[in-house]
Amino acid sequence: MKRIIPPILAALCFISSISQAQLRVGDPGVTINLSAIDANKTNYPQMIRWAKAGVIGGVPFVNDINFVKKTAINEGNSTAINAAIIALSNSLTAGQKGLLTLHNGNYTIDDRIQMMSNVSLIGQSREGVICTITMVGGNAFAFYNVSKCGLYNLTIQGGWGIPVYAWNYGLDENEEITNANISVKLSGTTNNCWLDKVTILNSANDPLRCNAEHNTLRDLTVDGCHRKAGGAEGYFFIQNRDNLITGCNITHIRHITLQGPNVEYNVVYDNDFKQEISFHNGDNGNNLIEFNKITLPFDMPPVEASEPGPAIIKTNSPDYFAIMGPWSNKHTLSNYPNFVFRNSCLQNNQNYSPTNTPWSDNNKVYYGPKKIAKTLADKITNFPEYPVGPPIGSTLYAVIGFTPKNIDL
């Protein structure tokens, strides 16, 4: 995956770029498949709730008639974008939604963009709308105490260039800059919000934190961050419940993590990750990881220093496995098990036996983590087979009416 902004492609009409001709996971019209759920609801009672993860009713199509107020701006900074959001919000009456189009061009994010309920932002084209973060600290795009709003079809990039280090190598130097800015944050009472077809590159600290409920993060490309040394740095960070993460490509950060006491019933479905997924500190459990491609690249820190890997190797380099639980006495176990099913896991960064394709048997449901895994053997066995067996409908995410992105999985 390229780690720089490609040349601007031909401008695309935003309506045609997000089409409702073929439904995707998280769209309106995708419904619960009751026939795939155990009639007694005893084997996997979580399935009804998993099917309701994400934006309730689906992410609105951009040509939905509910977007009755529309406006647009050209290149500008945070002041210009915030002023347009406020003006659009003030023009809405009860039940109306507004859509602010950013025309192709460069936008300087020098202060927080405060999202407002019922007002969404869309780029004229994903490659042509470049929002470059220059602010120090804080959250560049902030969803705080809002609902029914989102970002569509644009690129957010840190203004600090490409990170020096692709991965966390357990080095102090992995904290390349002092700026702890977060590219996108959802928090407070925020609910039913979304990011759809958004690219987030070269973040300072976290590319995304979602401490909010019932949100959809779909078709994101996330690549690179400058702070990966420790202390909750460099995370794609899910910190609350009932969120849907689907269609995303994520790599070159410290962790994709579901972490914290409010984290439960999230669904991570049909993604292509070149990065591990971690349950490494005190989630409440009952999260679902299904139908994802999880590939650990060859240049990630290897398990043994003698194995092929990056040029920088230290004895305390992290041992990345495709799916991980806690690995330190500073961490705590999940309160209840999480569930792993129908994933394709490939660990190119190491060849620890018995396999470099763990948790990939489609006839088995795995659950865990079972322990604080300090040894390599504990890590590879931390999500054993669930004794109940696979669900009757061959999926734990019991929804119908969509075409998955990873149809070749």
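Residues numbered from 1 in each chain as written. Predicted model: local features only at pLDDT ≥ 70, side-chain atom pairs only at ≥ 80, totals over all residues. Heavy atoms only, no water.

Engineer: Is there a simple way to explain the overall build of the chain in this structure?
Structural biologist: A count of helical and extended segments in the chain gives 4 helices and 29 strands. Its C-alpha atoms give the chain a radius of gyration of 21 Å, within 12% of the compact-globule value 22 Å for 409 residues. With respect to the three principal axes, the spread of C-alpha positions in the chain is 60 × 55 × 35 Å. By sequence separation, contacts in the chain at least 24 residues apart represent 70% of the contacts at least 6 residues apart. Summed over all atoms, the accessible surface of the chain reaches about 15500 Å², with 51% contributed by carbon and sulfur. Averaging the positions of the 31 positive and the 32 negative side-chain charges in the chain gives two centres separated by 5 Å. (Helix = DSSP H or I, 4+ residues; strand = E, 2+ residues; numbered from the N terminus. Rg over C-alpha atoms; globule rule 2.2 N^0.38 Å. Contact = heavy atoms within 4.5 Å. Areas by Shrake-Rupley, 256 points an atom, 1.4 Å probe, with all protein chains shown as cover. Lys, Arg positive; Asp, Glu negative; His and termini not counted. Charge placed at Lys NZ, Arg CZ, Asp CG, Glu CD.)

Engineer: I would appreciate a short explanation of the environment of alanine 36 in the present structure.
Structural biologist: As for its position among the elements, alanine 36 is in the loop between strand 1 (31–32) and helix 2 (47–50). Distance in space between the C-alpha atoms of alanine 36 and isoleucine 200 is 35 Å, their sequence separation being 164 residues. Once you skip the residues sitting within four places of it in the chain, alanine 36 turns out to touch Met47, Ile392, Gly393 and Ala398.

Engineer: Looking at this structure, how should I read the sheet that holds strand 13 (residues 208–210)?
Structural biologist: Paired through backbone hydrogen bonds, the strands of a sheet run either parallel or antiparallel to each other. Read across the sheet, 8 strands follow the order 6-9-11-13-16-19-22-25 without closing on themselves; strand pairing throughout is parallel. Two strands lie at the open edges of the sheet, namely strand 6 (113–114) and strand 25 (323–324), each paired on one side alone. Here strand 22 (residues 277–278) pairs with strand 25 via 2 bridges, running parallel. Paired with serine 278 across the strands is methionine 324, a residue of strand 25. (Pairing = 2+ DSSP bridges.)

Engineer: Would you mind showing me how to read the side chain of threonine 216 here?
Structural biologist: Its location among the elements puts threonine 216 in strand 14 (residues 216–218). Side-chain polar atoms of threonine 216 contact the backbone nitrogen of valine 55, separated by 2.9 Å. Apart from residues lying up to four places away in sequence, threonine 216 is in contact with Gly54, Val55, Val59, Cys193, Trp194, Leu195 and Leu244. (Polar contact = N/O pair within 3.5 Å; in protein donor to acceptor, adjacent residues only side chain to side chain.)

Engineer: Whenever I open this one, the pairing of strand 9 (residues 139–144) confuses me. Can you help?
Structural biologist: Consecutive side chains along a regular strand alternate between the two faces of the sheet. As paired elements, strand 6 and strand 9 share 2 bridges and run parallel to each other. Paired with glutamine 114 across the strands is alanine 142, a residue of strand 9. With 5 bridges connecting them, strand 9 and strand 11 (residues 182–187) associate as parallel partners. Bridging across to strand 11, tyrosine 144 finds its partner in serine 187.

Engineer: What's the story with the packing of aromatic side chains in this structure? I'm lost.
Structural biologist: A ring pair, where both rings are aromatic, is described by two values, the distance of the centres and the angle of the planes. Applying the stated criterion across every chain, the model contains 13 aromatic pairs. For the ring pair tryptophan 50 and phenylalanine 339, a centre distance of 5.8 Å and an interplane angle of 65° mean the geometry is edge-to-face. Taken together, the positions of tryptophan 50 in helix 2 and phenylalanine 339 in strand 26 (residues 338–341) put the pair 289 residues apart, joining distant regions of the chain. In this pair, the class of tryptophan 50 matches that of phenylalanine 339, namely buried. For the ring pair tyrosine 367 and tyrosine 386, a centre distance of 4.8 Å and an interplane angle of 70° mean the geometry is edge-to-face. Taken as a pair, tyrosine 367 in strand 28 (residues 365–368) and tyrosine 386 in the loop between helix 4 (376–380) and strand 29 (399–400) lie far apart in primary sequence, 19 residues in all. Since its relative accessible area comes to 14%, tyrosine 367 is described here as buried. The class of tyrosine 386 is buried, set by a relative accessible area of 17%. Here a set of aromatic residues connected by ring pairs shows up, and it is made of Tyr44, Trp50, Phe339, Tyr367 and Tyr386. (Phe/Tyr/Trp six-rings, centres within 6.5 Å; stacked < 30°, edge-to-face > 60°. Buried < 20%, exposed > 50% of the residue type's maximum accessible area, 1.4 Å probe, protein only.)

Engineer: When you look at the pattern of salt bridges in this model, what are you seeing that I'm missing?
Structural biologist: Side-chain pairing between opposite charges can occur once the charged atoms of the two side chains come close. Scanning the model with the defined rule gives 15 salt bridges in all. One salt bridge connects aspartate 27 with arginine 218, and the closest N-O pair in it is separated by 2.8 Å. Here aspartate 27 is found in the loop between helix 1 (14–17) and strand 1, whereas its partner arginine 218 is found in strand 14, with 191 residues between them in sequence. Both residues of the pair, aspartate 27 and arginine 218, belong to the buried class. (Salt bridge = Lys/Arg side-chain N within 4 Å of Asp/Glu carboxyl O.)

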